[in-house]
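# Descriptive analysis of the structure
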Amino acid sequence: MQSISEINCWCLPDWLLCLLRKMPENIEILNLDMKPGNTLKVKGKISADTVGFSINLGCSLRDLAFHFNPASMSLSSSVTPSAPIPGRQNIVATSFFRGCTVKFFIEMLSDKFCVRLPGGYEVYFPNWHSYHKINYISIIGGLKVISLKLS
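Residues numbered from 1 in each chain as written. Predicted model: local features only at pLDDT ≥ 70, side-chain atom pairs only at ≥ 80, totals over all residues. Heavy atoms only, no water.

### Quick word on the environment of S138
Looking at the secondary structure, you find S138 in strand β9 (residues 136-141). Since its relative accessible area comes to 0%, S138 is described here as buried. The spacing of S138 and H67 is 71 residues in sequence and 9.7 Å in space, taken between C-alpha atoms. With near-sequence residues (within four places) excluded, S138 lies in contact with I27, E28, S54, I55, N56 and L61. In this structure the side chain of S138 is engaged in a polar contact, spanning 3.5 Å, whose partner is the side chain of Y136. (Helix = DSSP H or I, 4+ residues; strand = E, 2+ residues; numbered from the N terminus. Buried < 20%, exposed > 50% of the residue type's maximum accessible area, 1.4 Å probe, protein only. Contact = heavy atoms within 4.5 Å. Polar contact = N/O pair within 3.5 Å; in protein donor to acceptor, adjacent residues only side chain to side chain.)

See the structure below:
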């Protein structure tokens, strides 16, 4: 597995390269082979001093089909269950906070991704390029991965 500093990053802006190289928890996999029907199981510990993390799926860091950043996520009608939930905006905040251990699932469907959050909630994201095969994953920021499994 190559680190961010070892890959050919000539097309990324300098400020992003600098930021990526300073984050020791970064993971990058170039041969994921995720297809519709597959689920990516992620378990990790969020660093106590992080400002956030993101998970990216696609062909490369510059060609993404999916981007998940819990710190900047606002929940809308794409969250199930569909019944009104008091404090709906806090679902992510209470599941993903500094210092906690989290476990969640990313399922690739034919036209979208389903993220299953703790507490039984699901959030749907479009498959931006309608890819039928995902080879690239990066986990950037303050998530120390304990386990990562594709099934």
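Structure's up, so let's keep going.
### Section: unusual backbone geometry
The backbone of D33 sits at a positive phi, close to 60°, despite the residue not being glycine. As for its position among the elements, D33 is in the loop between β1 (27-29) and β2 (39-46). Phi is positive for S130, close to 55°, though the residue is something other than glycine. Positionally, S130 belongs in the loop between β8 (122-126) and β9. Given the relative accessible area of 47%, S130 is considered partly exposed.

### As for the packing of aromatic side chains
Ring pairs (aromatic) are described by centroid distance and by the angle formed between their planes. Applying the stated criterion to the full structure yields five aromatic pairs. Their ring planes at 80° and their centres at 6.0 Å tell us that F68 and F125 sit as a pair that is edge-to-face. With F68 in strand β4 (residues 63-68) and F125 in strand β8, this residue pair connects regions lying 57 residues apart in the sequence. Neither F68 nor F125 differs from the other in exposure class; each is buried. (Phe/Tyr/Trp six-rings, centres within 6.5 Å; stacked < 30°, edge-to-face > 60°.)

### Thoughts on the environment of I134
Among the secondary structure elements, I134 is positioned in the loop between β8 and β9. I134 sits in the buried class, given a relative accessible area of 0%. Linking I134 and L57, residues 77 residues apart in sequence, is a C-alpha distance of 6.6 Å. Each residue touching I134, except ones within four places of it in the same chain, is listed here: L32, D33, M34, L57, G58, A65, M108 and F113.

### Let's talk about the nonpolar core
Ranked by size, the top nonpolar core spans 28 residues in total, and within it I55, L57, F68, F104, I106 and I134 carry the most contacts. Contributions of two or more residues to this core are made by β2, β3 (53-60), β4, β6 (101-108), β7 (112-116), β8 and β9. Residue contributions to this core peak at four residues, all from β6. Leaving out residues up to four positions away in the same chain, F104 has contacts with L40, K41, V42, F53, I55, F68, F96, V115 and R116. (Core = buried A, V, L, I, M, F, W, Y, C linked by side-chain atoms within 4.5 Å.)

Without other data, these values stay purely geometric and don't point to any function.
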